[in-house]
Amino acid sequence: MTVSKIAALRAELEPAHRQRQHIGLVPTMGYLHSGHRSLIEQAVSETELVVTTIFVNPLQFAATEDLSAYPRDLEGDTEAARSSGSHLLFVPSVEEMYPEPPSTTVALRGPLAETLEGASRPSHLPGVATVVAKLFSIVGACRAYFGEKDWQQLALVRRLVGDLSMPVHVVGCPTVREPDGLALSSRNAYLSPEERAAAPVVQRALRAGAAAIVGGERSAQAVNKVMADVISAEPLAELDYVAAVDAATLEVPEPLAGDIRLLAAARFGRARLIDNVGVRAE
Ligand code: AMP
């Protein structure tokens, strides 16, 4: 069942809240692929009522970014969500979510918000935090499923929930990849055949960085150079950033120690792709 109004979604969820059922929430921007489906399937296996949301949130796009070009396919998404087991699809309009420009938004600070995506796309993460807070407020107590593919977003949403004491349990789900290692992304639709063939270099760079750490390298700078060299060797890739950081705080431990996350962002023509892998530095 698809609903487009906030009040209608609340009315659908009310009996489940009353009966103390677990509600699963899967926020997306649509154009659903197997990565999104894996989130929905995990939610279905762990909760009684799953709501998938599709909303291309203007607050998280800068004026220069791809808001109007962002791929959309409501018919395909409806079928993908249904066949993955989602019970409810929430597809609000921009007017429904933001009847007027909001006076209240979620402000972020610290390395979790200001580095990496926060540095490259300053309005992005506050826009994400604001719409996620709004969805949590609409849905109420729930388990919310987010992909590890957007690692910084996942880490930030965990902090958002803790900092504001929201009644939400955040569940991180593994990244789903193409056979050649490319992380599935709606933005892969922008890639030309040549760019598509080149794009797995991001994952190869991250794996090279992880191998360096497993091999004993403990300097973040040295690991970053390993990763940057792999991406820079690909003529169709324009490197944005690579980073070896603490998986939870996104700070740079020197020497590298504990749970490390390696993250990268690069442009291939119109597509800006991000990816990350985890590695333990004992
Ligand atoms: P998006 O529609 O890109 O905003 O993504 C919606 C949710 O799906 C986010 O929690 C993403 O992290 C997650 N997601 C996107 N791509 C993947 C993937 N390849 N594997 C797992 N989760 C993903």
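See above for the structure.
Residues numbered from 1 in each chain as written. Predicted model: local features only at pLDDT ≥ 70, side-chain atom pairs only at ≥ 80, totals over all residues. Heavy atoms only, no water.

### With respect to the overall build of the chain
Item 1. Along the backbone of the chain there are 11 helices and 9 strands.
Item 2. Here the C-alpha radius of gyration of the chain, 19 Å, is about what a compact globule of 282 residues would show, namely 19 Å.
Item 3. When the backbone C-alpha atoms are referred to their principal axes, the chain occupies close to 55 × 40 × 40 Å.
Item 4. Classification of the 282 residues of the chain by burial places 52% in the buried group.
Item 5. In the chain, the proportion of contacts linking residues at least 24 apart, taken out of those at least 6 apart, comes to 72%.
Item 6. Of the roughly 13,000 Å² of accessible surface on the chain, 52% is carried by carbon and sulfur atoms.
Item 7. Distance between charge centres in the chain, computed from 26 positive and 34 negative side chains, equals 3 Å. (Helix = DSSP H or I, 4+ residues; strand = E, 2+ residues; numbered from the N terminus. Rg over C-alpha atoms; globule rule 2.2 N^0.38 Å. Buried < 20%, exposed > 50% of the residue type's maximum accessible area, 1.4 Å probe, protein only. Contact = heavy atoms within 4.5 Å. Areas by Shrake-Rupley, 256 points an atom, 1.4 Å probe, with all protein chains shown as cover. Lys, Arg positive; Asp, Glu negative; His and termini not counted. Charge placed at Lys NZ, Arg CZ, Asp CG, Glu CD.)

### Examining the sheet that holds strand S8 (residues 258–268)
Item 1. The 3 strands lie next to each other as S7-S8-S9, forming an open sheet whose pairing is antiparallel. Looking at which strands have only one partner, the edges of the open sheet turn out to be strand S7 (238–246) and strand S9 (271–281). Strand-to-strand twist of the sheet, defined as the mean angle between neighbouring strand axes without regard to direction, takes the value 15 degrees.
Item 2. Here S8 pairs with S9 via 11 bridges, running antiparallel. (Pairing = 2+ DSSP bridges. Axes fitted to C-alpha atoms, helices over the stretch in contact; angles between N-to-C directions.)

### Observations regarding the pattern of salt bridges
Item 1. Per the stated rule, a full pass over the model turns up 17 salt bridges.
Item 2. For glutamate 117, the salt bridge goes to arginine 272, with nearest N and O atoms at 2.9 Å. Taken together, the residues glutamate 117 in helix H6 (residues 117–120) and arginine 272 in strand S9 connect sequence positions 155 residues apart. Comparing glutamate 117 with arginine 272 shows no difference in burial state: the two are buried.
Item 3. Of the charged contacts in the structure, one is a salt bridge between lysine 225 and aspartate 229, with a shortest N-O distance of 2.7 Å. With lysine 225 and aspartate 229 both in helix H11 (residues 220–232) and 4 residues apart, the pair spans about one turn of that helix.
Item 4. Within this structure, Glu65, Glu117, Arg121, Asp240 and Arg272 form a network of salt bridges that share partners. (Salt bridge = Lys/Arg side-chain N within 4 Å of Asp/Glu carboxyl O.)

### Details of the site of the ligand
Item 1. Within the structure, the ligand sits among 16 residues, and His36, Gly147, Asp150, Val176 and Leu184 are positioned closest to it.
Item 2. Contacts to the ligand include histidine 36, whose side-chain N or O atom sits 2.9 Å from an oxygen atom.
Item 3. In this structure, valine 176 approaches the ligand through a main-chain N or O atom, which is 2.8 Å from a nitrogen atom.
Item 4. Burial of the ligand by the protein chains amounts to 93% of its free accessible area of 490 Å².
Item 5. Breaking the shell around the ligand down by element, the ones donating at least two residues are strand S2 (23–28), helix H2 (34–46) and strand S5 (142–147).
Item 6. Among the elements that line the shell around the ligand, the one with the most residues is H2, at 3 residues.
Item 7. Partitioned by chemical class, the residues of the shell around the ligand number 7 nonpolar, 7 polar and 2 charged. (Near = heavy atom within 4 Å. Polar contact = N/O pair within 3.5 Å; in protein donor to acceptor, adjacent residues only side chain to side chain. Nonpolar A, V, L, I, M, F, W, Y, C, P; charged D, E, K, R; others polar.)

### Some thoughts on unusual backbone geometry
Item 1. Note the cis peptide between glutamate 254 and proline 255, where omega equals 0 degrees.
Item 2. Locating proline 255 in the fold gives a position in the loop between S7 and S8.
Item 3. Positive phi, normally seen in glycine, also occurs at arginine 20, with a value near 55 degrees.
Item 4. Mapped onto the elements, arginine 20 comes out in the loop between helix H1 (6–18) and S2.
Item 5. Under the relative-accessibility criterion, arginine 20 is labelled exposed at 75%.

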